[in-house]
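# Structural characterization, general
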Amino acid sequence: MAVVTRFAPSPTGILHIGGARTALFNWLFARHHAGGRFVLRIEDTDRARSSRDAVDAIVDGLRWLGLDWDGEPVSQFARAGRHAEVARTLLAEGRAYHCYATPEELTEMRETARRDGRSVRYDGRWRDRDPAEAPPGIDPVIRLKMPHEGQTVVADHVQGEVKVANRELDDMVLLRADGTPTYMLAVVVDDHDSGVSHVIRGDDHLTNTFRQFQLYGALDWIPPEFAHIPLIHGPDGAKMSKRHGAVGLAAYRESGFLPQAMRNYLLRLGWSHGDDEIIDTDQAIAWFGFGGIGRSPARFDMARLISINAHHLRVCDDQELMGLVIPRLGALLDGNLADDAVLRVLKGMPALKARAKTVAELADNAVFLTRIRPVPLDDDAARLLDGEARGRLGRLARLLDEIPDWSPQRLEELTRRIADEEGVKLGLIAQPLRAALTGAKASPPIFEVMDMLGRDESLGRLADALATDHRNS
RNA sequence: GACCCCAUCGUCUAGAGGCCUAGGACUCCACCCUUUCAAGGUGGCAACACGGGUUCGAUUCCCGUUGGGGUCGCCA
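Here's what I pulled together on the structure shown here. On a predicted model such as this, the values are computed, not experimentally measured, just so you know.

### Description of the nonpolar core
If you look at the biggest cluster of nonpolar residues, it comprises 99 residues, and the most contacted ones within it are Phe25, Leu62, Met262, Leu267 and Leu400. Sort the elements by how many residues they give to this core and helix H1 (residues 17-32) lands first, with 9 residues. Apart from the residues lying within four places of it in its own chain, the contact partners of Leu62 are Phe7, Leu15, Ala23, Leu40, Leu67 and Trp69.

In structure tokens:
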């Protein structure tokens, strides 16, 4: 049987971490199987809460994460007619019935049940009543007749065999009074109609599964297989909130996280393959399966995400990073990003990417290469350029001016020789030099920096620093 | 409250009865390397929630307790 998975978010908010991981698992499972399909369905039956912006956010988020779906996204709302038809069939077959209880009546019923310490369920008051007793002027809902005896057992690929006594299941609403389908009806019909073979979703749907299972039975349909993955909690173990990582995926992109890092992190949150931590996407597709999914909830850990991101940044292709960094540099420089500056950043990328944890940090660290002379010095840099340092730098500048080969090796040789002659440690020259060339006290290795900057720019920046007196500042 | 699920270092996890003196990764600390910052290397701190069983032997199996989470809508 062909494997078909789906991601079925409701467009009522942002695409958060939990949703992204659910999508990732579904995608990986489909791609793991030859011929597998991954479909996207927008559960927009709640018209009041659904929005176009939310749909866009979901689509953008999935694209950014690199999770491609097969075929066009399905709008659940557009299938409302089909859902209603199924409900009416069930009604005609006597497997469902009209219920005329008003919302007020149901609220009262629940409050009473809760007060008496009983479980809060619909009591089936219209289940066996003669439709002739229907009160006038009330549009009924259609409810499914759940069995009262026996138990419902779901063989979940993650949670194992999960069972519940059928008496715990109440007669759920299939079709609302206005003729629109409820979620319970819509998912079952849509999953069935689109041939979904495996439903991989959050643990919060586990208890819903019992009821959906009954609906499949009433329809004489074979239910798909289920895998309920544990939820992702906030760092404090409580449900994700805005304080935590419950911001949209877009926020992570803006913060400078790489999609490949995000996939890696999300994959390892709730799934494992021995001691493997860094897993690229091809490897993930090859390895992914239900066996590696854990049963307990995981907490979101920003430090770990950052660490994984730093790794992917280090191994990322330079050109790919340039594409991400250039817009950020442009913004940092108010659009004054010169072509030769871009070339310097490209040349410096191998050294730069090893020192950053996010793309945002990478851009910050690269900005010194793009500054237009004279480059501003920060306080630490200014402090390094004291009288003695300037004296040594002056001498170095004169020798540098005559050096035939502007290579990191020759530059280092020369500088070390001067340090020797002056009887000082290399750092006493290298640090002021760094301050003069980068305007900061930390940077990639200074001789590499000189190479990135090139002879003219390096000498120019050095001259600028020597010409300005920072001792009184 | 009822029902369902879960339980190994602070966090993510390995572990499928003896391989466990419980392993890896992140974080943190120390040292090494070193022109700074990183990276890297070495070492360290740190866990089987508790109580009963089953067994020659339990982190691993069963039961209970405690703790955490989820679901109980004409929301999805």
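### Looking at the sheet that holds strand S3 (residues 74-75)
The parallel open sheet is built from 3 strands, whose spatial order is S1-S2-S3. Both edges of this open sheet fall to strand S1 (4-7) and S3, since each of them pairs with a single strand only.

### Remarks on H1
The first and last C-alpha atoms of H1 sit 22 Å apart over 16 residues, in line with the 22 Å expected at 1.5 Å per residue. Most of H1 is tucked away: 13 of the 16 residues are buried.

### Structural notes on the sheet that holds strand S4 (residues 96-99)
Pairing in this open sheet of 3 strands is antiparallel, and the strands run S4-S5-S8 from one edge to the other. One side of each edge strand has no neighbouring strand; the edge strands of this open sheet are S4 and strand S8 (173-175). When strand polarity is set aside, the average angle formed by the axes of neighbouring strands in this sheet is 45 degrees. Where strand S5 (residues 141-144) and S8 come together, 2 bridges link them in antiparallel fashion.

### Considering helix H17 (residues 427-438)
In this model, H17 (12 residues) spans 15 Å end to end at C-alpha, consistent with the 16 Å of a helix rising 1.5 Å per residue. Of all 12 residues in H17, 9 are buried, a share of seventy percent or more. Considered for burial, the residues of H17 that qualify are Ile429, Ala430, Pro432, Leu433, Arg434, Ala435, Ala436, Leu437 and Thr438. The elements touched by buried residues of H17 are helix H13 (359-370), helix H14 (379-384), helix H15 (387-402), helix H16 (408-422), helix H18 (446-453) and helix H19 (455-467). Once H17 ends, the next one or two residues include Gly439, with phi positive near 80 degrees.

Thresholds, definitions, all that
Residues numbered from 1 in each chain as written. Chains lettered and ligands numbered in written order. Predicted model: local features only at pLDDT ≥ 70, side-chain atom pairs only at ≥ 80, totals over all residues. Heavy atoms only, no water. Core = buried A, V, L, I, M, F, W, Y, C linked by side-chain atoms within 4.5 Å. Buried < 20%, exposed > 50% of the residue type's maximum accessible area, 1.4 Å probe, protein only. Helix = DSSP H or I, 4+ residues; strand = E, 2+ residues; numbered from the N terminus. Contact = heavy atoms within 4.5 Å. Pairing = 2+ DSSP bridges. Expected span 1.5 Å × (residues − 1). Axes fitted to C-alpha atoms, helices over the stretch in contact; angles between N-to-C directions.

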